[in-house]
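The lines below spell out each chain.
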Amino acid sequence: MTSTHLPNTLDFSHGILSSDPSVNPHFSDWNAVNLPYCTSDIFSGNAAKSDLPLVFLGSRVLPAVISDLKNTHGLADSADTTVLLTGSSAGAEGLFGQVDNAAGTLLPKSRVFGLVDSGWFLDSEPYSAGDCSDEMACSCQEGLRRGQLLWKPQVDATCAESKQPSTMWQCSMGKYVAKFITTPLFFFEYRFDWAQLQHDGIRSDPSSPALAEAYAEASASNLTQSFADCPSHHSFFVPTCYYHAILKRPEWTTLDINGTKLPDAVYQFVIGQQRGLRLVDYSFDTPNYNPTCPHL
């Protein structure tokens, strides 16, 4: 809940924020802005008061940053401007309530896209239910339900119109909200997502015991099935790996599905050459058998 302990400088030698074209071949010469995650509300909160001695105002961060970039740093809202909003994990979930507002209100003349890294969580029945004593001991859906009460989140307006107060948390979960979002989104998600499985009660490599492996394989199947109703202007890149998040990893450069590298797929998506991609790695049914995977 604070930026007090953040370092004065950050290392972006890897991933999509790198300025090295050998590491980041398509985006190394783009202007880049990094927003540390300090709000503890998936960048969605709109609660100046809460039941805790804390405020949750994460929904105000992106609009304030875009306003500052336009007013003091030369960001032009024009047809010649392309903006790729990205987020990893909780930051990825935060895009769901922000990206259409950014595209339609904050930057209405610009070409705006979203890159959702490891934020497509599932509301699965947990393998082993946690007690919510910490974030990872809570299922994804229970964490969002509790967050809904604390954060009073700003969610996608069209999604919100379809929900009751008791189900509003679903507007922060990809499989429920993606169909309402008109801005093109590129979803990156591991078939065996480490954080998803942790939330569901599998605390270590899901390859054993047999029950955990079976649960993980079912989770991977449920993940890919959940993409079925997603509109065709969104794209998916889904490798068979046991990991979580990619955008700042060295493997950003090399992660590959059937000969297509992730940076190339994202770039083709942004320039309009490839929309509606559904690239799912079905070559392997066991975590980390794809040799280009990152490893814990």
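Anything mentioned here points back to the structure above.
Summarised in this report is the structure supplied together with it. (Residues numbered from 1 in each chain as written. Predicted model: local features only at pLDDT ≥ 70, side-chain atom pairs only at ≥ 80, totals over all residues. Heavy atoms only, no water.)

## Considering the packing of aromatic side chains
What counts here: When the centres of two rings from Phe, Tyr and Trp lie within 6.5 Å, Trp using its six-membered ring, the rings pair. Their planes under 30 degrees apart give stacked, over 60 give edge-to-face, and anything left gives tilted. Numbering of helices and strands starts at the N terminus; helices are DSSP runs of H or I of at least 4 residues and strands are runs of E of at least 2. Any residue under 20% of the maximum accessible area for its type is buried, any over 50% is exposed, and the rest in between are partly exposed; the area is computed with a 1.4 Å probe on protein chains only. Whether a charge lies above a ring is judged from NZ of Lys or CZ of Arg, which has to be within 6 Å of the ring centre and within 35 degrees of the ring normal.
Counted by the stated rule, this structure contains 16 aromatic pairs. When the ring of Phe 187 is compared with that of Phe 236, the centres are 4.9 Å apart and the planes differ by 15 degrees; the resulting orientation is stacked. Of this pair, Phe 187 sits in strand S3 (residues 185–188) while Phe 236 sits in strand S5 (residues 235–238), placing them 49 residues apart in sequence. Judged on exposure class, the residue Phe 187 and its partner Phe 236 are both buried. Taken together, the ring pairs connect Phe 96, Trp 120, Phe 187, Phe 227 and Phe 236 into an aromatic cluster. Geometry around Phe 269 places Arg 275 over its ring, the cationic atom sitting 5.3 Å from the centre.

## Re the sheet that holds S5
Applied cut-off: By definition, two strands form a pair when at least two bridges between them are found by DSSP. The axes are straight lines fitted to the C-alpha atoms, using for helices just the contacting stretch, and the angles between their N-to-C directions are given from 0 to 180°.
Strand order in the open sheet made by the five strands is S1-S2-S3-S5-S9, with parallel pairing throughout. The strands lining the two open edges of the sheet, one partner per strand, are strand S1 (82–88) and strand S9 (278–280). Across the sheet, the axes of successive neighbouring strands diverge by a mean angle of 15 degrees, strand direction being ignored. The pairing of strand S2 (residues 111–117) with S3 spans four bridges and is parallel. When the bridges of S3 are listed, Asp 117 appears paired with Phe 188.

## Brief notes about the pairing of S2
Among the seven residues of S2, six are classified as buried, and the element is accordingly described as predominantly covered. As defined by bridge partners, S1 adjoins S2 across seven bridges and the pair is classed as parallel. Pairing of Leu 85 across the sheet is with Gly 114, part of S2.

Treat this as a map of the structure, not an account of what it does.
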